[in-house]
Every structure is written in structure tokens, then in C-alpha cells.
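The chain contents come next:
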Amino acid sequence: VPIIPDEARTFGMEALFGQFGIYSCAGQLYEPVDVGSLLFYKEAKDGQILEEGITEAGSVASFIAAGTAYSTHAINMIPFFTYYSMFGFQRIGDLIWAAGDMRCRGFLVGATAGRTTLAGEGLQHQDGQTHLLAYSVPNLMTYDPAFAYELAVIIRDGIRRMYEEQEDIFYYLTVENENYAQPAMPKGVKDGILKGMYRYKASGHKRAKLRAQLFGSGAILNEVLKAQDILWDQFKVAADVWSVTSYKALRRDGLQVERWNMLHPTKKPRVPYMRQCLAEAPGVCVAASDYLKALPDSVARWFPNAFFSLGTDGFGRSDSRAALREFFEVNANFVTLATLYSLAQEKQIKPSVVQEAIKELDIDPEQVEPVIS
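Quick caveat: nothing in here was measured; it's all calculated off a predicted structure.

A.B. asks: In this structure, what is going on with empty space enclosed by the protein? I would like to understand it.
C.D. replies: To find leftover empty space, one rolls a probe the size of a water molecule over the atoms. In the structure shown here, the tally under the stated rule is one cavity of 30 Å³ or more. One number sums up the size of the largest cavity: a volume of about 70 Å³. Lining of the largest cavity is provided by His-131, Thr-142, Asp-144, Ser-217, Val-244, Thr-245, Ser-246, Tyr-247, Lys-248, Ser-289, Tyr-291 and Leu-295. In terms of residue class, the lining of the largest cavity is made up of four nonpolar, six polar and two charged.

Rendered as C-alpha cells:
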């Protein structure tokens, strides 16, 4: 059940019009202006798409109706509600809570997600907080994938859990509005994608004196990958890059392990998944995302080494992606700087190296702090 409140063309979903049609009990009573085009606006009595107009509240009501049809009508329906991510938890969070309370199943897809991926839209659409707001719904699985293969793994497993295993959960997925290369799925990463993180690209310089672990999510993972190159080419810091698909999943796992250890004090302590991943990953840890710093901070206590977070605290701005990422201090240069600063804090390099890097990276140390500007 594809559900769209508005802007289907913005989301690139007009290809569904001709194939599935937009549901209308009366069919199409007029000739659309784009009838001569390949992807024309098509309404039909047997249409499958629910195009609800500019009403996220009405759309999530349809999502709830479809997502609970397994219990009210004995029909398994899989709703995909696609909307501007800012217009979900920010505007209709109470209805999303109600969906969880009613054991609704399906996929909430927050499109054009993040604070810096939708260029030029400013405060209205730039979302840096919904992943934190999603923490409040207990049975909501929340993911911020960077690549198409990650999204495919998550959706397939979600269908398995909700419709094959009959678990009372539903999903929130964020997808961006940016074109970038989609790599093939590396071997052996499926479990890591679902658990919340996996090593995407090792440094290849295991004998380097200076080491770091970099963590990226969504489109910002590309900035982290650029920082990996800068750190080695200019500063001889060998960094591994991790894709963090779900901070909420990592936090849930860490809390569950801590609870089990507390209730079983005489048994061998269990180890959180994050600690297992990073057991043989030396160096300082730096995490960057398109969301508030509080998101990676929520798992800070399970990082084994010094940790520094970068995020998009503050209001939105209308500008290019490059300018927005510089303004919010989440681009490759700031990931590099945060890594060097962390190394200096650990006495592994001199503060003067960090000072020189600020000049080399063309960073203005007196620029306005985003959160108060």
C-alpha cells in the first residue's frame, strides 16, 4: 500500500502512477494536463496508491488502517508511507505513537531526510531531530541507511519480522535527496546492517602510528569517507570507516546487555554489540551525522576509546549542500579536524598540529556557532 501525502514527483515516485494507479472511488473524472506524457497522473477505481493530498495526519490514518488490517480484517497489508521526514514526528508524532500502541505494522519512509541534503529549503524541511524523536516509540525500529543495499536488507528483514514472524513492530526509514554512487553490497555485512553498524572501509594501514575510527550515517557517510582520505594523505592518520545504520538499535542492544548483566551478577558478563565490533579497532572515535549530536551521544558510553560527535544542532538554512555542511560543521574537513583534536587530547599529537590543520583545511575558528545563530 503506497501512501503519499503530497510531492510524489519530488520523491521520484511518478513511475508508480501508470503501473498501479492512484485510488479513487469515482475513477478519473477529468483529463490531466500531463496525459500525453509517459508518467501521467492516473486515477482509477482499482488504483493501489493512496494519494492523500497535503495532509500528513490523513495519510498516517490510512497507514494505521492498512497496518492494522491484519487484525481487523485478517488481511496482511504492507503500507509504505512516504513523506517529507520533517513532517512526520515533528508534526504528527502523536499519531505515530498511536500506531505503535495499536500494534500497527509497516514502513514510515521519511524522505528528503537530514538537515543538509535538501538544498535551499531552509527551516521548513530540514530535519535534524526525527531520529531522536523516534526513540520515544518503543516498538519502532529506526534506521538511517546510506546505501541502497542497506535499505534493501532492512526492508526484507522488516517484512520477515512483521509478516512472517508476526512481531508487533513497525519501521521508520530515512532516505535522502542526493545523488551519489551506490556500491555493491560487501560480503558479510547483513547482520551488521540490521544490528546498527558495520565496518564499511578499513584504512589499509594497520601499522600506522596514529589510528582512528570514523562513524557516518546516511549521506554524511560520504563526508566521512572523504575525511578518511584527507587524514591519511595529509596527516598520516589511518582511519577505518563504519556505517552506522541505527543508533537506536545500538542503544537498545547496549541497554539490554547492561540490564542482563545487572540481573545476573555472578555469570559471565555479556558484551554490547558495539564493544564487540570495536574490540580490535584502535584509536579515537569520531561520529558524524545529519542529526543532532545527541543522537551519536546516546551510545557514547559503549565506545571503548575517546569519543567526539559532530551533528547539525541548530535551525535550518537555505543554501547549497556544501555550504550547509560547512555551516553545521559536519563536512569532511570538520571530521578531519575533530579526529586530530581527539588525538591531541589523547597526547598522541601536539596541539600545534591541530592549529596548523585549521589553516590547511581553511576553517574559520571564529565562525558563528550554528546552534545559536
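A.B. asks: How do you make sense of the pairing of strand E11 (residues 237-244) when you look at a structure like this?
C.D. replies: When a strand is regular, its side chains alternate between the sheet's two faces. Most of E11 sits out of view: eight of its eight residues are buried. Side chains Val-237, Ala-239, Val-241 and Ser-243 project from E11 onto one buried face, and the interleaved Ala-238, Asp-240, Trp-242 and Val-244 project onto a second face that is buried too. Where strand E9 (residues 197-201) meets E11, four bridges bridge the pair, whose relative direction is antiparallel. Bridge pairing links Arg-199 to Trp-242 in E11. In this region the chain leaves strand E10 (residues 210-216), passes through helix H8 (residues 221-235) and returns to the parallel neighbour E11; the handedness of that crossover is right-handed.

A.B. asks: I'm lost on the side chain of Arg-211 in this one. Help?
C.D. replies: Residue position: Arg-211 is located in strand E10. Residue class for Arg-211 comes out buried when judged on its relative accessible area of 12%. Of note is the side chain of Arg-211, whose polar atom sits 3.2 Å from the backbone oxygen of Lys-206. Not counting residues up to four positions away in its chain, the partners in contact with Arg-211 are Ser-203, His-205, Lys-206, Val-237, Ala-238, Asp-240, Pro-282, Gly-283, Val-284 and Leu-343.

A.B. asks: Would you mind showing me how to read the packing of aromatic side chains here?
C.D. replies: By convention here, two paired aromatic rings are described through the distance between centres and the angle between planes. Evaluation of the coordinates by the stated rule reveals 15 aromatic pairs. Taken together, a centroid distance of 4.7 Å and an interplanar angle of 15° make the contact between Phe-80 and Phe-107 stacked. With Phe-80 in strand E5 (residues 80-84) and Phe-107 in strand E6 (residues 107-111), the pair connects residues that are 27 residues apart, well separated along the chain. Here Phe-107 falls in the buried class, since its relative accessible area comes to 0%. Residues Phe-81 and Tyr-83 carry aromatic rings whose centres are separated by 4.6 Å and whose planes lie at 40° to one another, so their mutual orientation is tilted.

Cut-offs and rules
All chains use their own residue numbering, which begins from 1 and follows the written sequence. Side-chain atom pairs in this predicted model are given and counted only at pLDDT of 80 or more, local residue features only at pLDDT of at least 70, and totals for whole chains, interfaces and linings cover all residues. For the side-chain quantities, the full set of heavy atoms in the structure was used; hydrogens and water were omitted. With a 1 Å grid laid over protein atoms only, a set of points is called a cavity when a 1.4 Å probe fits there but cannot get out and a pocket when it is open yet has protein on both sides within 12 Å along at least five of seven lines; lining residues have an atom within 4 Å of a point. Grid points are joined across faces, edges and corners, and a volume is the space filled by probe spheres set on the points. For this classification, Asp, Glu, Lys and Arg are treated as charged, while Ala, Val, Leu, Ile, Met, Phe, Trp, Tyr, Cys and Pro are nonpolar and the rest, including Gly, are polar. The buried label goes to any residue with under 20% of its type's maximum accessible area, the exposed label to any with over 50%, and the partly exposed label to all in between, with areas taken from a 1.4 Å probe on protein chains only. Secondary structure elements follow DSSP: runs of H or I no shorter than four residues count as helices, runs of E no shorter than two count as strands, and numbering proceeds from the N terminus. Strands are treated as partners if at least two bridges between them are detected by DSSP. Handedness is read with the strands pointing away from the viewer; a crossover is right-handed when the path from the first strand over the helix to the second is clockwise. Polar contact is defined as a pair of N or O atoms within 3.5 Å, subject to the rule that within protein one atom must be able to donate a hydrogen and the other to accept it, and that residues adjacent in sequence are counted only when both atoms are side-chain atoms. Between two residues, a contact is recorded if the distance between any of their heavy atoms is within 4.5 Å. Any two of the Phe, Tyr and Trp rings considered here, Trp counted by its six-membered ring, make a pair once their centres fall within 6.5 Å; the pair's planes then place it as stacked at under 30 degrees, edge-to-face at over 60, or tilted in between.

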